[in-house]
Amino acid sequence: MQGEFIIKQISVFSENKPGRLAAIAEALEKSSVNIFAFSIAEANSFGVVRALVDKPDIARSVLEKLGFAVQFTDVIAVRMKDEPGGLYETAKILGEAGINIEYAYAYSGKEAAVLILRVSQAGEAIARISAAGGSLLRESDLG
Amino acid sequence: MRCWDPRIEEMPKDELSKLQYRLLKTLIYRMYSFSDFYHVRMKEAGVHPDDIRTLADIRLLPFMYKSDLRDNYPDRIFCASRDELVRYHVSSGTTGKPTVVGYTQKDLDLWTTSLARALTSCGLGRGDVIQVSYGYGLFTGGLGLHYGAERIGATVLPTSVGNTERQIELMQDLKATAIACTPSYLIHLGEAAERMGISIQKDTHLRSAIIGAEPWSETMRTRIYETMGVRAYDIYGTSEISGPMFSECSEQKGIHIWGDIAYPEVIDPKTGEQLEAGEPGELVMTVLQKEALPMIRYRIGDLTRIIDETCACGRTHPRIERISGRVDDMLIIRGINVFPSAVEHAILGISELSGHFMIEVDRKGSLDAMLVRVEVVPEALSDKINDLINIKRKVEHVLKNALNVAVSVELSEPGSLPRFEGKAKRVIDRRVF
């Protein structure tokens, strides 16, 4: 039941230098992979590009062929009200449950803003958010 | 058999010193009388053979350098006439013009004796099948080990280098118990066997490896034992002193230098001053009985230290530690000597890294800055930036402890750093002095 709300994010290790993001984006474009959401975390000389895409397996294999190190990471996606307090609602649920947010990024979906979360306990987070009346996305809801 | 020649190998230290003094004195008189080259060099240094009154006086003698052989190419400093020579070997010349070494029959006999003692000390002998996978030909490794192995009554399988699959088949079919090769070839052979579905440990009789001619490390020794079940012994030599000559014994605590064959010293590479046993520095070797091309205080350029205590195996001859690097590879970073080999050793011990690395040195203002680029293995990568920063910090910490100088570390994408076949060039020094 909770498993359907787990979404596969691709995480790509990349050196922080000109042209690396272009190389990733070009590879995805050539294989007709659409990017729904995306973020970069960087530390001086290297970074991790994280993305939710429509075809994660294809994305992973084309990037690995180019020599990138790619991993799948389980994340969850929560619909937020696109108004003041929207982020607070979700963050409060997790904070009170003692669930740590490792990192998060957001995108503006078709119907609502969507918050992507990498948390310490994904199953527990899904249960708490659902119980509090929050709305989670399935992989098929992305776009 | 524990010793090939127990009378010599277990000779009391004072007797050995007397023997060495006698051999040195004879050598110096001969060189002063018959070698135009060394006669001039001694005159320039203001030393006469009569000044050598004790073994310690060896420090008065002038050095010989690789460039002496190159400048006198091919054979102008040989001390034997051509009809006394029975063989030539020629070094590859990776660091310049090739150098030629000539051998009389006695030179070959001593070289073979040296290796017979070395191989015996590794526990090899009659009944062993020794696969010699060093190159045969101008390089000294193949023929040197070949005759050494025959001398101790082992059976030689002279495969030389290359054609790895056939080497593995022959190793299985002829039940090779030992192999002599470079460390990188041994690892390559192990990987090739794995691809063929053959386990060196379970499907062959291989139990020992005599490896050298390239730098390697304790970490590699452990890896070789864990993956192949093979005990690896370090062998040492260079063509100018004959070829591979000396090795570890079964104690694996340093390389025995047979005192009747060679006299090792360790000096400060900058001042040329002799250092005490135990102090690290540049190895200088005097080959005491060589006829065709005697080498006196030859500056090999390898870094090590001398271990003077009698070995647990009972052999009294001095030992040298595993070579830790080359004098000419040494970097001076903010006044501290840094050897790329030490960086390699530290990096091989970190499981998150692939073992490939590059060193870049720059000068920022008036300060040297050393950057080490390392590759993280895919399994250690993480989507969390903190995990990656922690790996970077760990590598910085390990390197700082190993080198005594702060270095910055950058993580590179797996597979992105250059791979080297043959001599690795891992240092880019952009400093302008």
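Let me begin by describing the structure that accompanies this report. The structure presented is a predicted model; accordingly, all values stated were derived computationally and were not measured.

With that settled, the discussion passes to a nonpolar patch on the surface. Residue and element names in this part refer to chain A. On the surface, L21, I35, F38 and I40 cluster together into a nonpolar patch covering about 320 Å² of accessible area. When residues of the nonpolar patch are assigned to their parent elements, the largest contribution, three residues, is made by strand β2 (residues 35–43). Locating I40 in the fold gives a position in strand β2.

All names here are of chain A. Here we have six strands laid out as an open sheet, ordered β2-β3-β1-β4-β6-β5, and antiparallel in their pairing. This sheet does not close on itself; its edge strands, each paired only once, are β2 and β5 (101–108). The average undirected angle you get between the axes of adjacent strands in this sheet is 30 degrees. Both strand β4 (residues 69–80) and strand β6 (residues 113–119) contribute to a ladder of five bridges, which runs antiparallel. Its bridge partner lying in β6, V78 is registered against L115.

Moving on, we come to helix α6 (residues 140–151) of chain B. All names here are of chain B. Counted at 1.5 Å a residue, the expected span for α6 with its 12 residues is 16 Å, and the 16 Å between its end C-alpha atoms agrees. If you check which residues of α6 are buried, you get T140, G141, G142, G144, L145, H146, G148 and A149. A positive phi of about 85 degrees marks G153, the residue just after α6.

Residue and element names in this part refer to chain B. Buried residues dominate strand β7 (residues 231–238), accounting for six of its eight residues. As defined by bridge partners, strand β6 (residues 208–212) adjoins β7 across five bridges and the pair is classed as parallel. Within β7, the position partnered with S208 by the bridge is R231. In this sheet, strand β8 (residues 243–247) lies alongside β7 in antiparallel orientation, the contact comprising four bridges. Bridge pairing in β8 places T238 opposite G243. Taken together, β7 and the strand that follows it, β8, pair antiparallel across an intervening segment of four residues, in which S242 is found at a positive phi of about 125 degrees.

All names here are of chain B. The strand order across the open sheet built from six strands is β4-β3-β5-β6-β7-β8, with neighbouring strands paired in mixed fashion. Across the chains shown, the open sheet's two edge strands, defined by having one partner strand only, are β4 (155–157) and β8. Between one strand axis and the next, the sheet turns by 30 degrees as a mean value, whatever way the strands run. With three bridges connecting them, strand β3 (residues 129–132) and β4 associate as parallel partners. Its bridge partner being in β4, Q131 is matched across the sheet by L157.

Residues and elements named next belong to chain B. Inspection of the secondary structure assignment puts L157 in strand β4. With relative accessibility at 11%, the residue L157 sits in the buried group. Considering only alpha carbons, one finds L157 and I306, 149 residues apart in sequence, at a separation of 34 Å. The residues touching L157, leaving out its near neighbours within four places in the chain, are V129, I130, Q131, V132, L170 and L174.

Criteria and cut-off values
- Residues numbered from 1 in each chain as written.
- Chains lettered and ligands numbered in written order.
- Predicted model: local features only at pLDDT ≥ 70, side-chain atom pairs only at ≥ 80, totals over all residues.
- Heavy atoms only, no water.
- Patch = residues over 30% accessible without salt bridge, like charges linked within 9 Å, V, L, I, M, F, W, Y side chains within 5 Å.
- Areas by Shrake-Rupley, 256 points an atom, 1.4 Å probe, with all protein chains shown as cover.
- Salt bridge = Lys/Arg side-chain N within 4 Å of Asp/Glu carboxyl O.
- Helix = DSSP H or I, 4+ residues; strand = E, 2+ residues; numbered from the N terminus.
- Pairing = 2+ DSSP bridges.
- Axes fitted to C-alpha atoms, helices over the stretch in contact; angles between N-to-C directions.
- Expected span 1.5 Å × (residues − 1).
- Buried < 20%, exposed > 50% of the residue type's maximum accessible area, 1.4 Å probe, protein only.
- Contact = heavy atoms within 4.5 Å.

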